[in-house]
Structure formats: structure tokens, C-alpha cells
Amino acid sequence: MEGGEKGHIVLFPFMAQGHIIPFLALASKITQKGYQITFINTPLNIKKLKKTNHPSIHFLEIPFDSTQHGLPQDAETNDSLPYNLALKLLEVSPSLEPNFKKILTQLVELKIGFFKKSQPICVISDLFFGWSAKVTHELGILHTIYCGAVGGFGLACYYSMWLNLPHRHTDKLEFILPDFQEAGKFHVTQLSPSLVIADGNDPYSVFQMKNLPLWKNSDGVLFNTIEEFEKNGLMYFRRKLCIPIWAIGPILFQENDNVRSSTSPRKEPGIQFDKCKEWLDSKEKSSVLYICFGSQNTISASQMMQLAKALDVVEVNFIWVIRPPLGFDVNADFKSEEWLPEGFIERNQESEQRGLIVLNWAPQVEILAHESIGGFLSNCGWNSVLESLINGVPLIGWPMAADQFFNAKFLVEEIGVCVEMARGTTFDVSYLDIIEKIELVMDSESEKGKRLRGKACEFKEMIKDATRDDDDYKGSSIRAMDEFFNLLMKER
Ligand code: UDP
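How each quantity is defined
- Residues numbered from 1 in each chain as written.
- Predicted model: local features only at pLDDT ≥ 70, side-chain atom pairs only at ≥ 80, totals over all residues.
- Heavy atoms only, no water.
- Axes fitted to C-alpha atoms, helices over the stretch in contact; angles between N-to-C directions.
- Helix = DSSP H or I, 4+ residues; strand = E, 2+ residues; numbered from the N terminus.
- Parallel < 35°, antiparallel > 145°, perpendicular 65-115°, else oblique.
- Contact = heavy atoms within 4.5 Å.
- Core = buried A, V, L, I, M, F, W, Y, C linked by side-chain atoms within 4.5 Å.
- Buried < 20%, exposed > 50% of the residue type's maximum accessible area, 1.4 Å probe, protein only.
- Expected span 1.5 Å × (residues − 1).
- Arc of directions from axis to C-beta.
- Salt bridge = Lys/Arg side-chain N within 4 Å of Asp/Glu carboxyl O.
- Near = heavy atom within 4 Å.
- Polar contact = N/O pair within 3.5 Å; in protein donor to acceptor, adjacent residues only side chain to side chain.
- Areas by Shrake-Rupley, 256 points an atom, 1.4 Å probe, with all protein chains shown as cover.
- Nonpolar A, V, L, I, M, F, W, Y, C, P; charged D, E, K, R; others polar.

Trainee: Tell me about the packing of helix 6 (residues 152-164) against helix 9 (residues 231-241), residues and numbers included.
Mentor: Their axes nearest at 7 Å, the elements helix 6 and helix 9 cross at an angle of 45 degrees. Comparing the axis directions of helix 6 and helix 9 gives the class oblique. Note on element contacts: helix 9 touches helix 6 through Gly233, Leu234, Tyr236, Phe237 and Leu241, opposite Gly152, Phe153, Leu155, Ala156, Tyr159 and Ser160.

Here you go:
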């Protein structure tokens, strides 16, 4: 066992790859500061996680029998579940409380766990586990929440939207958030389907209305973002929750991709990075558009056809992470003859080499860091946003779900590094419109493109500055992390 002399922290993410991975990234960061981690999750997830074999992280199972809650056997992450069952998993997650209490008590009494000499000093829980603050405090331990996969602005919109359901109080298509007016106007097309139908009595609303107010009971919230560009979103939470809000980001996996694949059943890369690099090396600086809709999303068959048609016409190099369209099994073979224009692959990938098509999953972090990348057509998932901005890459937004609509709004209106192309999977996109947006961002002569690139570079520098940790200068994210650790030291 290495390190850990500073104390022992319990991490407890929700059971979904999009939650577990950011918690693992945080765990890595915290262990570098000399803390030990007990990482709690349900049995199947823990079995997969144990493969990561990190010396200062102890993975601990919390019992959970999905069949007792009307879920299929082994339904322990929402990644492989259809929407209604994923929602069910969320709904039944508070049933973990008694076992969580039992485990935490045993950790405090030093009866279980790997770190037998060290009682936990803090629990860092998922934002879906608001209930865990009370249990943690009963045992005299600090409790914080980690928002690893969502930004401050996006989460503020999400929080306010679920608690106020503003679209339910107007007949208009546009509305504002009563307690977050500085976010400006929203359009109903910026709401995920679950929010559109929410009326306060549906299961999702019931869960959110119970869970979100519980955040106030926590001792603070850690955000995977940067203070300097998230003033509005972070201020919202400071105002609403009256507890410390620490912007400690960006916290991302840079190299440790084996952690990702070990936590996911279907994330075999469609290409190795050296092959990608060879292709990218042959392209001019900032000349390649990277297209990827995140870890789970795909577009509809007609949208895919329009996008391909646009790529055929527009004279831009591209890497496209492609998956079967909506309605087809994402793991099925990709039928290019059915879903793409005739000869698309031959024209773009094989003969002219203008495009590189990657099936299912690409080494995104490495691709975005390559200097040939000049733009990112993205679903605006928060990790993708951070990975893009770290490299000063402007975005073309095509949000698909949840906070992604709000992230796109933030990128376009608040920080000016993005143009929005479409919303969701039913949006009627035309290839002409796609061409226009791609040219706007990728054309080195376009004024708008220059502005976006300039802004993206500013944010790249801002992130660098926020994470500077020199003897004579500490960036805002480093200072926020130090403040959090100082609070822990007081508790010891
Ligand atoms: N990702 C990747 N390769 C892919 C697709 C996604 O490595 O082909 C990674 C990406 O780098 C990011 C994460 O998966 O870290 C996606 O998270 P994000 O928050 O951007 O989107 P979401 O999964 O919520 O759609």
C-alpha cells in the first residue's frame, strides 16, 4: 500500500459509466495528495473496477439485488438499460441507504476495509445520492458532493429547471428560469424528453424534487470546472445552497484509458491512436473536424445521411466516430451501404483520404490534443467540452440529452466558443445548413471562425492558468482543491 498518510476518503458514485469514470479520475487526483480511497459501488461494477488495480484505491461492494426492485438480473449500471429501466435504477437507488450506513459504520469502527488503521474523514458522493449526507453526518464525517460530468452553468440550469418546471407555467415556447434569470431565455427544444413531460408527479420529477433540495445538507460541492469561466453557474449554487462551492477542474483521464475500457462493456476502440496519429500527421494544422456524439449517443438515420452528404461536399478533413443510427443496436455491424450515401467510404476514406471513419469508439483525448484538429462537432457532454477547451478547439454543438443542451447554450452565449448546429435526434437538419456551420468554424478566413478560435485559445490559457501549481503561483483550481483539503485537515 502506497501513500495514504493524510487520511482516508470514501467515494461513492452512482452506478453509471458516466458517473464512475469522473469519480475514478478524482480518486487518482486525491491519492496523489497522499490520501487513501475506499471506492464504493454495487458488486458487478466493483468486480470490473478491481481490474484497475490502483495501489491507494480500495474497491468495496455495497450489496444490491436488482431483481428485488423489478429490474433484470445484473442491472447495475444504466449504460446498458433502456430508458424506463435506467430511470427505475435511479428511482430505487435510495434503497442503498441502509447498507451504506452499515458499511460506513463498519469503516468508522475499523471493522472492514483495507485501511484498517484509518477512519474515513470525508464521504464524496454522487449528486444523485443527496440522501447520503444525513447518514454520513450521523457518523460524524464530512460530506461533499462531486459533480464530475457536468459544468456549473449546465447543472444550475438542470437544478432550477427540475425544481421549477418553468415550461409548465407558460403556453409560450420560450421561458426563463425564475431563480436563474441571468441564464437568459430557454426554448422547449432545449429540454430533454424527460423534462418536457415532467409535471411534478412523474417518477423522474418525484426523484429530482426529493433529491436536489437535499444537497443543502452537504458540507460543500466540488465541481469539475474552472472558476474563471463559470461565474454565473457557480454563483447560482453559492446563492441557493449557502455551502462552499469549489471549482477544482478540469479533472480528466489523460492517459489511463484502460480505466475506461475496464468499466465499460462496449468501448473497444475502433482504431488505435498510432494509426490515427499517422493520418493526423499527414494533415495541415487545424484542418481536421473531429465528429463524435459522446459515449452513448447516436443520431437518426436521416440525420446521418444529411451529415454524410454535407461531408461529401464541404472541403474539410474529418474524423467521424460513427455508430449505427438511432433505433439500431449500437453494437451491431455498421451497414454503410444502408446508412451512408453510395460510395461515401471509398470517396472519403479510401481514395482521397479526406476523412477517417472510426467505428464506435475513438481515442478522443489524444485526437483532440493533436494540432491538426481545428474543430469538434460534439454532443456537448461536459467531458468532451473540457477536453476540447483544454486544447483550444472550438466546437459545433449538437446536444442530444440532459445537460448537453445547457452546455451548448453556455458555450454559445456565455463564452462564445461554439456555434449550435442542431438539437436532439428529431431535429430536421439539412446538409446545406450543416455545410454552412462547418465552414463557419473551419474556414481559416471566416471572421466568425477567427473569433471562435480566438476565444477557444483564451479558454485554453485560462485553464492552464487555473491549474498552474508553482512555488510562487497557484491557479484557482489548485487553490480550491487546497481549500477543500484544508477543511479535511481540520476534521482529522
Ligand atoms: N469518448 C471517447 N471516445 C469516443 C467517445 C467518447 O474517448 O469515441 C470519451 C470522451 O473522451 C469523454 C467521454 O467519453 O471523456 C464522454 O463523456 P461526455 O461527458 O463528453 O459525454 P457523454 O458520455 O455524457 O455523452
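Structure's up, so let's keep going.
Trainee: With reference to specific residues and values, describe the nonpolar core.
Mentor: In terms of nonpolar packing, the biggest core is built from 102 residues, with Phe237, Tyr290, Ile319, Leu389 and Leu411 touching the most fellow members. If one sorts the elements of this core by residue count, helix 6 sits on top with eight residues. If we ignore the near neighbours within four places in the chain, the residues touching isoleucine 319 are Cys276, Trp279, Leu280, Val288, Leu289, Tyr290, Ile291, Leu356, Val358 and Ile367. Formed by 34 residues, the second largest nonpolar core is a distinct cluster that contains Leu289, Ala308, Val316 and Ile396.

Trainee: Could you give an account of unusual backbone geometry, naming the residues involved and the relevant values?
Mentor: With an omega of -5 degrees, the peptide bond between glycine 249 and proline 250 qualifies as cis. With a phi close to 65 degrees, aspartate 74 is a non-glycine residue in the positive phi region. We classify aspartate 74 as exposed; its relative accessible area is 53%.

Trainee: Give a description of the side chain of asparagine 360 that names residues and reports values.
Mentor: By secondary structure assignment, the location of asparagine 360 is in the loop between strand 12 (355-359) and helix 15 (364-368). We classify asparagine 360 as buried; its relative accessible area is 18%. Discounting residues that sit within four places of it in the chain, asparagine 360 has contacts with Val321, Ile322, Arg323, Pro324 and Val330.

Trainee: Outline helix 12 (residues 301-313), supporting the account with residue identities and numerical values.
Mentor: Taking 1.5 Å per residue as the helical rise, helix 12 with its 13 residues ought to reach 18 Å, and the 19 Å between its terminal C-alpha atoms agrees with that figure. Turning to helix 12, its buried residues are Gln303, Met304, Leu307, Ala308, Ala310 and Leu311. Axial view of helix 12: buried residues confined to an arc of 160 degrees, hence all on one face. The secondary structure elements touched by the buried residues of helix 12 are strand 10 (288-292), strand 11 (317-322), helix 13 (336-339), helix 14 (344-351), strand 13 (373-378) and helix 18 (431-442).

Trainee: Can you break down the pattern of salt bridges residue by residue, with the values?
Mentor: Note on pairing: side chains with opposite charge can pair once their charged atoms come close. Within the structure shown, the criterion is met by 16 salt bridges. We note a salt bridge from lysine 409 to glutamate 413, for which the minimum N-O separation is 2.9 Å. Placement of both lysine 409 and glutamate 413 in helix 17 (residues 404-414) is noted, with a separation of four residues, approximately one turn of the helix. Across the salt bridge formed by lysine 450 and glutamate 447, the nearest N and O atoms sit 3.5 Å from each other. Of the two residues, lysine 450 and glutamate 447 are both situated in helix 19 (residues 447-466); the distance of three residues between them amounts to about one turn of the helix. Here the residues in one salt-bridge network are Lys101, Lys134 and Glu138, joined through shared partners.

Trainee: Lay out the site of the ligand with the relevant residues and their values.
Mentor: Taken together, 18 residues lie around the ligand, and Ser295, Ala362, Asn379, Ser384 and Glu387 are the ones closest in. Contact between the ligand and alanine 362: a nitrogen atom at 2.7 Å from a main-chain N or O atom of the residue. Asparagine 379 is positioned with one of its side-chain polar atoms (N or O) 2.9 Å from an oxygen atom of the ligand. Relative to its unbound accessible area of 530 Å², the ligand is 89% covered by the protein chains. Ranked by the residues each element gives to the shell around the ligand, the list is headed by helix 16 (residues 382-390), at four residues. Its residues placed into classes, the shell around the ligand shows five nonpolar, 10 polar and three charged.

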